[in-house]
Amino acid sequence: MNATRRGILTAVPIIGAGVLGVGFWRMLSDMRSGAFDPRAIKNPNVGKPIPSFAMPGLPGLGDGFTDAELKAQHRPVLVNFFASWCIPCVAEMPGLRAISRNMPIWGIAYEDKPENASAFIQRDGSPYARVASDRHGRVAIDWGVTGVPESFLVAPGGRIIWHGSAALDPQIYEAEIRPRLAGL
């Protein structure tokens, strides 16, 4: 009886490690074939109206904005969550400036000190038509943000039609956002 209990206690971790190993191997093999994208985060808010919010602006950059102002837009708006402490956010700024020539981008500083976010935006030129501060991250939670940078394409009237969980650049804009704009 003790040998059986000892055998079970020995087998459980070995079987667990084997299952994890198979799962890890499968994930790596899917990444190699292109079937798995570790940055592809499915946001449950895509296809739904934007959540209700009101956020203050950043020093020297305007008054912030509300969900009602975003819903009132007659053109699609790209909403970008960013932070001054976020390295990918720094890397995406040139791409956002290029994209902003084609469509309005509204920025939301995520869990950032307002003075740091203002300095970050003003350093190389702002891509944002409007900018607001989500100092404690509560608005980001309602949007389903899991980290920064993340962006959402909002259709006129306030419905989310696309979500991206990586730094944006003109190639992503052309491949993923422009086709959705053409469908509006």
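My aim in this report is to walk through the structure given alongside it, one point at a time. As a convention, each chain's residues are numbered from 1 in the sequence order in which they are written. Local features in a predicted model are, by the rule used here, given only for residues with pLDDT of at least 70; side-chain atom pairs are given and counted only at 80 or more, and totals for whole chains, interfaces and linings are based on all residues. The side-chain quantities take in all heavy atoms of the structure and omit both hydrogens and water.

## Some details on the state of the cysteines
Put simply, a disulfide is two cysteine sulfurs that come within 2.5 Å. With the rule as written, the count across this model stands at 1 disulfide. What pairs with Cys86 in a disulfide is Cys89, and their sulfur atoms sit 2.5 Å apart. Every disulfide takes its handedness from the sign of the S-S torsion; for Cys86 and Cys89 that torsion is 80°, giving right-handed. Each residue gets one of three labels from its accessible area relative to the maximum for its type: buried under 20%, exposed over 50%, partly exposed in between, using a 1.4 Å probe on protein chains only. On the basis of relative accessible area, Cys86 is assigned to the buried category, the value being 3%.

## Topic: the side chain of Glu150
If you trace the backbone, Glu150 turns up in strand 6 (residues 150-155). Residue classification places Glu150 among the buried residues on the basis of a relative accessible area of 1%. We define a polar contact as two N or O atoms separated by no more than 3.5 Å, with the added condition that, inside protein, one atom must be a possible hydrogen donor and the other a possible acceptor, whereas residues neighbouring each other in sequence contribute only through side-chain atom pairs. Reaching out from Glu150, the side chain makes a polar contact with the backbone nitrogen of Gly147 at a distance of 3.0 Å. At 2.6 Å, the side chain of Glu150 and the side chain of His163 are in polar contact. Strands here mean DSSP runs of E at least two residues long; helices mean DSSP runs of H or I at least four residues long; both are numbered from the N terminus.

## Structural notes on the packing of aromatic side chains
Aromatic pairs are defined between Phe, Tyr and Trp rings, using the six-membered ring for Trp, whenever the two ring centres lie within 6.5 Å; interplanar angles under 30 degrees are classed as stacked, those over 60 as edge-to-face, and all others as tilted. Under the criterion given, the structure shown has 9 aromatic pairs. Taking the centre distance of 5.8 Å and the plane angle of 80° together, the rings of Phe53 and Phe65 count as edge-to-face. Here the residue Phe53 occupies a position in the loop between helix 1 (2-33) and strand 1 (54-55), and Phe65 occupies one in strand 2 (residues 65-66), the gap between them amounting to 12 residues. A relative accessible area of 7% means that Phe53 is categorised as buried. Among the residues examined, Phe65 registers a relative accessible area of 1% and is labelled buried. Their ring planes at 50° and their centres at 6.5 Å tell us that Trp85 and Tyr110 sit as a pair that is tilted. Here Tyr110 lies in strand 4 (residues 105-110) and Trp85 lies in the loop between strand 3 (77-82) and helix 3 (87-99), a separation of 25 residues in the sequence. The buried category is assigned to Tyr110, whose relative accessible area is 14%. Joined through ring pairs, the aromatic side chains of Phe53, Phe65, Phe81, Trp106, Trp143 and Phe152 make up one cluster. By the criterion adopted, a ring carries a charge over it if an Arg CZ or a Lys NZ lies within 6 Å of its centre and within 35 degrees of its normal. Against the face of Trp106 rests Arg130, its NZ or CZ located 5.0 Å from the ring centre.

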